Amino acid sequence: MVEIKSVQDVDVNGKNVLMRVDFNVPLNEGLVRDDSRIRAALPTIEMLLNGGARLVLASHLGRPGGKYSPDLMMNPIADRLTEILGRTVHKLDTVAGTGLSEAVRRMKDGELLLLENLRFEKGEEENDPDFARRLAEPFDLFVNDAFGTAHRAHASTAGVASYLPAVAGLLMKKEIEELSTCLENPRRPLTAILGGAKVSDKINVIRRFLSLADNLLVGGGMANTFLAAEGYNLGASFYEKNQVEEAKALIRESKNSRCRLVLPIDLAVTRELAPGSYSEVVPPDQIGPEWKAVDIGPETSAIYSVYIEESAMVVWNGPLGVFEVPPFDNGTDVVAQAVAQGSAYSVIGGGDLVAALEALSLSKYIDFVSTGGGATLEFWEGKELPGISVLQKKNS
Ligand code: ADP
Ligand code: MG
């Protein structure tokens, strides 16, 4: 693992610090619906303030596409942060430029401010060097704590590092350590569970864990594509026809690898996908033409639970069924309970899986819950994440 410099390695007293956070939280009628991303940044915020920094937080929110959008202003986030910290957090109406420079000049040590939505500026997503320079101008140090956006080369995640010394926040550091351990130094037996909708989204992660893990358990819509590759007729199920050849190749590769690739032996099927709708459990060779496979079945979740009980480490991305529509969250629920009760060290990632386990009140039993969706996947694929590669290395 490359050792990256973090806020623990620098003196921030009296410095103007720009901290990129991931406050891209879900809103509901103008209020923050889930503040876990805000809370995840608190350790670094508190450390910097206690260290005497003049701290400016910056994040994107939603997809305003480079222009001002009143629904996506950062005000609700400033309000929630004010509540959580018990001190007023002012929001600036600007992102970069003279307004920012003047506001920073007026700050005192230990104070903090929140910038307006970074993506109101076209230069943010374009990683425009001029915008990055204007954003960096009033600062002495850049702290990146936005792991969830680290796979994007934007002005505030990568570009500013051309103008400022750049170090990781505590959340970023923890993400890098935990996710690297899965790849570089896993406890064994290592079981990877991969679910979610598409093989095509996750092909490189599947391949990575096929070469790394001892067991790879497959569920979700992705399992349908693998079952189609095995020659089963999937009826009206969702699967990716154009990934069947790829799935066949992965099945072939698994025969020569240490890893056991495990597919469902039974499935919950329904004709109509609606809450509480009629469903049956069938083996993969008995899916009727009008039926959709929407969850792993009970025999499969029992088998997966045994693998989990016998593992020392479990890495999981993607729900095992259409968890948004109960009872098709059953497979995910049973397997998550096995992970929660088992002794294996558990690491989960993926926006939908994390939401599923939150809804089932099981995420608190997971050893490490990654805050990244796409970023976590790209990290596990072994890709370089621009928001990480710009950070200073230790001993440099
Ligand atoms: P994550 O965000 O955890 O990486 P994905 O985004 O890949 O997960 O996939 C989540 C989606 O997969 C959910 O919306 C879920 O409904 C869908 N899904 C899971 N199983 C099936 C299935 N059998 N058929 C269709 N969609 C499924
Ligand atoms: Mg998702």
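Residues numbered from 1 in each chain as written. Chains lettered and ligands numbered in written order. Predicted model: local features only at pLDDT ≥ 70, side-chain atom pairs only at ≥ 80, totals over all residues. Heavy atoms only, no water.

A look at the overall build of the chain
Regarding its fold elements, the chain presents 15 helices and 17 strands. For 396 residues, the compact-globule estimate of 2.2 N^0.38 gives 21 Å, and the C-alpha radius of gyration of the chain, at 23 Å, lies within 12% of that figure. Projected onto its principal axes, the C-alpha coordinates of the chain cover approximately 70 × 45 × 35 Å. Looking at the 396 residues of the chain, the share that counts as buried comes to 57%. If you take every contact in the chain between residues at least 6 apart in sequence, the share linking residues at least 24 apart comes to 75%. If you sum the accessible surface of the chain, you get close to 16,800 Å²; carbon and sulfur atoms cover 46% of it. Side chains of the chain give 40 positive and 54 negative charges; the mean places of these two sets differ by 4 Å. (Helix = DSSP H or I, 4+ residues; strand = E, 2+ residues; numbered from the N terminus. Rg over C-alpha atoms; globule rule 2.2 N^0.38 Å. Buried < 20%, exposed > 50% of the residue type's maximum accessible area, 1.4 Å probe, protein only. Contact = heavy atoms within 4.5 Å. Areas by Shrake-Rupley, 256 points an atom, 1.4 Å probe, with all protein chains shown as cover. Lys, Arg positive; Asp, Glu negative; His and termini not counted. Charge placed at Lys NZ, Arg CZ, Asp CG, Glu CD.)

Remarks on the sheet that holds strand β16 (residues 345–349)
As summarised here, the arrangement of the 6 strands in space is β11-β10-β9-β15-β16-β17, forming an open sheet in which the pairing is parallel. Each edge of the open sheet is held by one strand with a lone partner, namely β11 (260–262) and β17 (368–369). Pairing analysis gives 4 bridges linking strand β9 (residues 190–194) to strand β10 (residues 215–218), with the strands arranged parallel. Bridged to Thr 191 within β10 is Asn 215. Sheet strands touched by helix α11 (residues 298–309): β9, β10, β11 and β15 (313–317). Its angle to β10, the strand with the most contacts, is close to 150°. (Pairing = 2+ DSSP bridges. Axes fitted to C-alpha atoms, helices over the stretch in contact; angles between N-to-C directions.)

Let's talk about the site of ligand 1
The full set close to ligand 1 counts 19 residues, and Ala 197, Lys 202, Glu 324, Asp 352 and Leu 353 are the nearest of them. A distance of 3.5 Å separates an oxygen atom of ligand 1 from a polar backbone atom of Gly 318. In the environment of ligand 1, an oxygen atom lies 3.4 Å from a nitrogen or oxygen atom belonging to the backbone of Gly 351. Contact with the protein chains covers 83% of the free accessible surface of ligand 1, which is 580 Å². Looking at the shell around ligand 1, its residues break down into 7 nonpolar, 9 polar and 3 charged. (Near = heavy atom within 4 Å. Polar contact = N/O pair within 3.5 Å; in protein donor to acceptor, adjacent residues only side chain to side chain. Nonpolar A, V, L, I, M, F, W, Y, C, P; charged D, E, K, R; others polar.)

Structural notes on the pairing of strand β4 (residues 54–58)
By the criterion of burial, β4 is predominantly enclosed, with 4 of the 5 residues buried. In this structure, β4 lies alongside strand β6 (residues 112–114), joined through 3 bridges in parallel fashion. Along β6, the bridge assignment pairs Leu 57 with Leu 114.

Observations regarding the packing of aromatic side chains
Under the definition given, this model contains 4 aromatic pairs. Between Tyr 68 and Phe 120, the aromatic rings sit 5.5 Å apart at their centres with planes inclined by 70°, giving edge-to-face as the arrangement. One end of the pair, Tyr 68, is in the loop between β4 and α3 (75–85); the other, Phe 120, is in the loop between β6 and α5 (122–126), and 52 residues separate them in sequence. For Phe 120, a relative accessible area of 10% corresponds to the buried category. (Phe/Tyr/Trp six-rings, centres within 6.5 Å; stacked < 30°, edge-to-face > 60°.)

So, the domain arrangement of the chain
Accessible area lost during the coming together of the parts is what is often quoted as the interface size. Split by domain assignment, the chain resolves into domain 1 (7–173) and domain 2 (186–381). On the domain 2 side, the residues contacting the 6 residues of domain 1 number 8 residues. Contact between domain 1 and domain 2 buries roughly 590 Å² in total, counting both sides, with carbon and sulfur atoms accounting for 65%. Contact with domain 2 buries area across many residues of domain 1, yet Phe 147, His 151 and Leu 171 alone supply 72% of it, more than any other trio. Counting across the interface, domain 1 meets domain 2 through 0 salt bridges. In this assembly, domain 1 and domain 2 are joined by 0 residue pairs in polar contact (both at pLDDT 80 or more). (Domains from an automatic or database assignment. Buried area = accessible area lost by both parts, 1.4 Å probe. Salt bridge = Lys/Arg side-chain N within 4 Å of Asp/Glu carboxyl O.)

Topic: the pattern of salt bridges
This structure, assessed with the given rule, holds 24 salt bridges. A salt bridge links Arg 39 to Asp 35, with the nearest nitrogen and oxygen atoms 3.1 Å apart. Under the relative-accessibility criterion, Asp 35 is labelled buried at 13%. Here Asp 214 ties to Arg 258 by a salt bridge, and the two come within 3.0 Å at their closest N and O atoms. With Asp 214 in the loop between α8 (199–212) and β10 and Arg 258 in the loop between α10 (244–255) and β11, the pair connects residues that are 44 residues apart, well separated along the chain.

Details of the packing of α8 against helix α14 (residues 374–381)
Where α8 meets α14, the axes come as close as 8 Å, and the angle between the chain directions of the two elements is 40°. Relative to α14, the element α8 lies oblique. With respect to the hand of their crossing, α8 and α14 are arranged in left-handed fashion. In this structure, α8 contributes Asp 201, Lys 202, Asn 204, Val 205, Arg 208 and Phe 209 to the contact, and α14 contributes Leu 377, Trp 380 and Glu 381. A class-by-class count of the residues in the contact of α8 with α14 yields 4 nonpolar, 1 polar and 4 charged. (Parallel < 35°, antiparallel > 145°, perpendicular 65-115°, else oblique. Left-handed = near helix turned anticlockwise from the far one by under 90°.)

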